[in-house]
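# Fold and contact review
Here is how the chains run, residue by residue.
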Amino acid sequence: MLFVAHSLRIIDDLAGTVGWAWVREHLTFYADDTVATWLIRNRAELDAAIGGVQTIVDAFNRHGMELAPDKSALLHNLKGPEAQRVLTRRLHRAGKARLLPGTQRGQPILI
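All values reported here derive from a predicted model rather than from experimental measurement.

## Examining the overall build of the protein
- From N to C terminus, the protein includes four helices and six strands.
- When the helices and strands of the protein are listed from N to C terminus, the series reads α-α-β-β-α-α-β-β-β-β.
- Reported as C-alpha extents along the three principal axes, the dimensions of the protein are approximately 45 × 30 × 25 Å.
- Taken across its 111 residues, the protein has 26% of its residues classed as buried.
- Excluding contacts between residues fewer than 6 apart, the proportion of contacts in the protein whose partners are at least 24 apart in sequence is 51%.
- Here the protein has roughly 7,600 Å² of accessible surface; of this, 57% comes from carbon and sulfur atoms.
- Considering the protein, the positive charge centre built from 14 side chains and the negative charge centre built from 11 side chains are found 9 Å apart.

Rendered as structure tokens:
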């Protein structure tokens, strides 16, 4: 029950930052997980999604929580003539993995 109450505070914080419509469109909250989804059809929507991920990380940080990069995943299925070039610019390659760079509490992280 305590986690639910804490999650509601984070959801309310996010809604105050980006609006309830954004929260309803992009986020699904489970018992102890958060899933964020975007439909990406162009570079502007990709940039908005990447910014949205950072917005979520920042909201969790404001409430004393941290994203665990080793327990988090970025799943994508971008297709089209520019997909590989766009992904190469936005994602960091670590071996076979492609990771999204971001920040957490002022420190760089890779998701």
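And the narrative resumes.
## Quick look at the pairing of strand β5 (residues 101–104)
- Burial of β5 is one-sided: the residues Gly102 and Gln104 facing one way are buried, the residues Pro101 and Thr103 facing the other way are not.
- In this structure, β5 lies alongside strand β6 (residues 107–110), joined through four bridges in antiparallel fashion. Bridge pairing links Gly102 to Ile109 in β6.
- Once β5 ends, the chain turns through two residues before running back antiparallel as β6, passing Arg105 with a positive phi of about 55°.

## Thoughts on the pattern of salt bridges
- Applying the stated rule across the entire model yields four salt bridges.
- For the salt bridge of Arg90 with Asp47, the shortest nitrogen-to-oxygen distance reads 2.8 Å. Separated by 43 residues along the polypeptide, Arg90 in helix α4 (residues 83–90) and Asp47 in helix α3 (residues 43–62) bring together distant segments of the chain.
- Salt-bridge contacts for Arg105 lead to Glu66; the nearest nitrogen and oxygen are separated by 2.9 Å. Placement of the pair is Arg105 in the loop between β5 and β6 and Glu66 in the loop between α3 and α4, with a sequence separation of 39 residues.
- Relative accessible area serves as the criterion here: at 52%, Glu66 is assigned to the exposed category.

## Observations regarding the confidence of the model for the protein
- The predicted model of the protein averages 87 in pLDDT, with 97% of residues at 70 or higher.
- The secondary-structure element of the protein with the lowest mean pLDDT is α4, recorded at 81, while helix α2 (residues 20–26) shows the highest, at 96.

## Description of α3
- Taking 1.5 Å of rise per residue, 20 residues should cover 28 Å, and α3 covers 29 Å from first to last C-alpha, within 8% of that figure.
- Along α3, the positions that sit buried rather than exposed are Leu46, Ala49, Gly52, Val53, Ile56, Val57, Ala59, Phe60 and Asn61.
- You can read the cap of α3 off the contacts: a side-chain oxygen lies 3.1 Å from the backbone nitrogen of Ala44, and it is on Asn42.
- The first or second residue beyond α3 is Gly64, which carries a positive phi of 80°.

Reading guide: rules and limits
Residues numbered from 1 in each chain as written. Predicted model: local features only at pLDDT ≥ 70, side-chain atom pairs only at ≥ 80, totals over all residues. Heavy atoms only, no water. Helix = DSSP H or I, 4+ residues; strand = E, 2+ residues; numbered from the N terminus. Buried < 20%, exposed > 50% of the residue type's maximum accessible area, 1.4 Å probe, protein only. Contact = heavy atoms within 4.5 Å. Areas by Shrake-Rupley, 256 points an atom, 1.4 Å probe, with all protein chains shown as cover. Lys, Arg positive; Asp, Glu negative; His and termini not counted. Charge placed at Lys NZ, Arg CZ, Asp CG, Glu CD. Pairing = 2+ DSSP bridges. Salt bridge = Lys/Arg side-chain N within 4 Å of Asp/Glu carboxyl O. pLDDT = per-residue confidence, 0-100. Expected span 1.5 Å × (residues − 1). Polar contact = N/O pair within 3.5 Å; in protein donor to acceptor, adjacent residues only side chain to side chain.

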